Amino acid sequence: MTRLLVERCEVVVTVDDSGSELAGGSILIEDGVISWVDTGASPAAADERIDGRGAIALPGLVNTHHHLYQTLTRARAREQGLFGWLVELYPIWAGLDAEWERAAARVGLAQLALSGCSTTTDHHYVHPAGAGDLLEVEIEAARELGLRFHPCRGSMDLGAAAGGLPPDSVVETTEDALARSREAVERFHDASPGSMLRIAIAPCSPFSVTERLMRESAELARSLGVRLHTHLAETLDEERFCLERFERRPLELMDDWGWLGEDVWFAHAVHLDEKDVRRIGDTRSGIAHCPSSNLRLGAGIAPVRSLVDEGARVGIGVDGAASNEAGDLFAEVRQAMLVSRAPGPERGLTARDALRLATRGGAAVLGRDDVGSIEPDMRADLALFAVDDLAHAGAEADPVAGLLMGGPQRVRDLLVEGRPVVRDGGLVAADEDEIARDGHRVAARIAEAWA
Ligand SMILES: [Zn+2]
């Protein structure tokens, strides 16, 4: 057995049921699983130690929505809303290939890791003919860096010719989308406890899929025991599209198509009425809250506090870097806290509320009960953030709140399954400079082809 002791942290933020915080706390990890969390002397001798002094220990952050391939197509359609932005970007994304996917996934995953994210999903719905298995490419990138990964096999089967928004060049046939989704689950999904790789099935959005793909994806996912994910209620354009095509609002469609429940999570959920919010809460459906993307595209602000109060499972997501314009999960958690306060301070999120959504909330959204808090028997996914540096001088009154309220920062140490992914602010298994060079090289090729 290997024992690792993370000792004498400034504060261990456990995110347990009672929100315990242990000043001077230590964490003992045995074979990748937390076995003890407390102050004082460790109950067993450790083979390895990490000095936690000057750092706050959080559960590793969980990212509930992303499109890694978008990482290399940023700063485009800069003044557009969602539909205009998509129409400008779809033809570029039609050129996606394995080299692009690999470079983009490595840049995006490295950014996530360096912002304290230990578990991430990815929603991959662009599969140009002849591009190969792009899901496999990103799975390989997550393995290389050491992150826990929940990629979604996404799909689109409603092209412009049939009344959808995407050009026909980026959609699949319904049959292919379903067959490839089944294949992805059978090939990659690992349901075992502590799993590093789980697959979800994820048709893209109401304006890019057919009713048949939605209904049959739900049946398929349930027969295979995997989760369902899609975009929902992101913009008023989407709501108008649904009313015109189906005479129903987005959430009503989901209800009709069997797309509500504990095994479903939606990205965005901005344009909901009170009945929608209650229905999501009653069915314990999940939400990936992506505030930066929503602000950047002028989509609106999701009713996060109401969703939480009604019983929805809510996590934070960065969304793709073509709309977030970054891939920093820690920054996104702060953004969620800040934007929740825009209507007034009374119903806004506290720093600790936001951290809870980003850890246990995200784990619940992804159906994990083995990550998201620092407690015995949980997998050892930990993010240590330094608070003894220049940026935090002056936040001594409440270093935990000060950490989040103070803004984005690079994680000092990140452990996933007890293994070091980031050490002293640098990636352990990969060379950050090489990933950056490769990202710039491939992005330059893309920019040249689609100036
Ligand atoms: Zn998205």
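See the structure shown above.
Definitions and cut-offs
Residues numbered from 1 in each chain as written. Predicted model: local features only at pLDDT ≥ 70, side-chain atom pairs only at ≥ 80, totals over all residues. Heavy atoms only, no water. Donors = N, O, S within 2.8 Å, 3.2 Å for Na, K, Ca; no water. Tetrahedral: all angles 85-135°; square planar, octahedral: opposite > 155°, others 65-115°. Helix = DSSP H or I, 4+ residues; strand = E, 2+ residues; numbered from the N terminus. Buried < 20%, exposed > 50% of the residue type's maximum accessible area, 1.4 Å probe, protein only. Pairing = 2+ DSSP bridges. Right-handed = clockwise from strand over helix to strand, strands pointing away. Contact = heavy atoms within 4.5 Å. Axes fitted to C-alpha atoms, helices over the stretch in contact; angles between N-to-C directions. Parallel < 35°, antiparallel > 145°, perpendicular 65-115°, else oblique. Left-handed = near helix turned anticlockwise from the far one by under 90°.

Draft legend 1. Structural context of the coordination of the zinc ion. Taken together, His65 (NE2), His67 (NE2), His231 (NE2) and Asp319 (OD) make up the protein donors of the zinc ion, found 2.0 to 2.5 Å from the metal. One can describe the site at the zinc ion as irregular: its four donor atoms subtend angles covering 89 to 175 degrees at the metal. If you list the donors of the zinc ion from N- to C-terminus, the spacing comes out as H-x1-H-x163-H-x87-D. Here His67, found in the loop between strand E8 (61–63) and helix H1 (82–93), pairs with Asp319, found in the loop between strand E15 (313–316) and helix H11 (321–324); they are 252 residues apart in sequence, far enough to count as distant. Per residue, the accessibility class of His67 equals that of Asp319, and both read buried.

Draft legend 2. Quick peek at the pairing of strand E9 (residues 117–124). Buried residues dominate E9, accounting for eight of its eight residues. As paired strands, E8 and E9 are joined by three bridges and run parallel to one another. Bridged to Leu61 within E9 is Cys117. One ladder, built from six bridges, connects E9 with strand E10 (residues 148–155); its direction is parallel. For Thr121, the partnering residue across the bridge sits in E10 and is His150. The parallel pair E9 and E10, bridged by helix H3 (residues 134–145), forms a crossover whose chirality is right-handed.

Draft legend 3. Broad picture of the sheet that holds strand E18 (residues 419–423). Read across the sheet, seven strands follow the order E3-E2-E7-E16-E17-E18-E19 without closing on themselves; strand pairing throughout is mixed. For this open sheet the edge positions go to strand E3 (21–23) and strand E19 (426–427), each flanked by a neighbour on one side alone.

Draft legend 4. Layout of the environment of Met405. Inspection of the secondary structure assignment puts Met405 in helix H14 (residues 399–405). Its relative accessible area of 39% is what places Met405 among the partly exposed residues. Residue contacts for Met405: discarding those within four places in its chain leaves Arg334, Met337, Arg341 and Ala351.

Draft legend 5. How the structure looks around the packing of helix H4 (residues 174–188) against helix H5 (residues 211–224). Interhelical geometry of H4 versus H5 gives an angle of 20 degrees and a closest axis separation of 10 Å. The angle between H4 and H5 falls in the class roughly parallel. Handedness of the H4/H5 crossing: right-handed. Contacts between H4 and H5 involve Thr174, Glu175, Ala177, Leu178, Ser181, Arg182, Val185 and Glu186 from the first element and Arg212, Leu213, Glu216, Ser217, Leu220 and Leu224 from the second.

In short, shape yes, function no, at least from these values alone.
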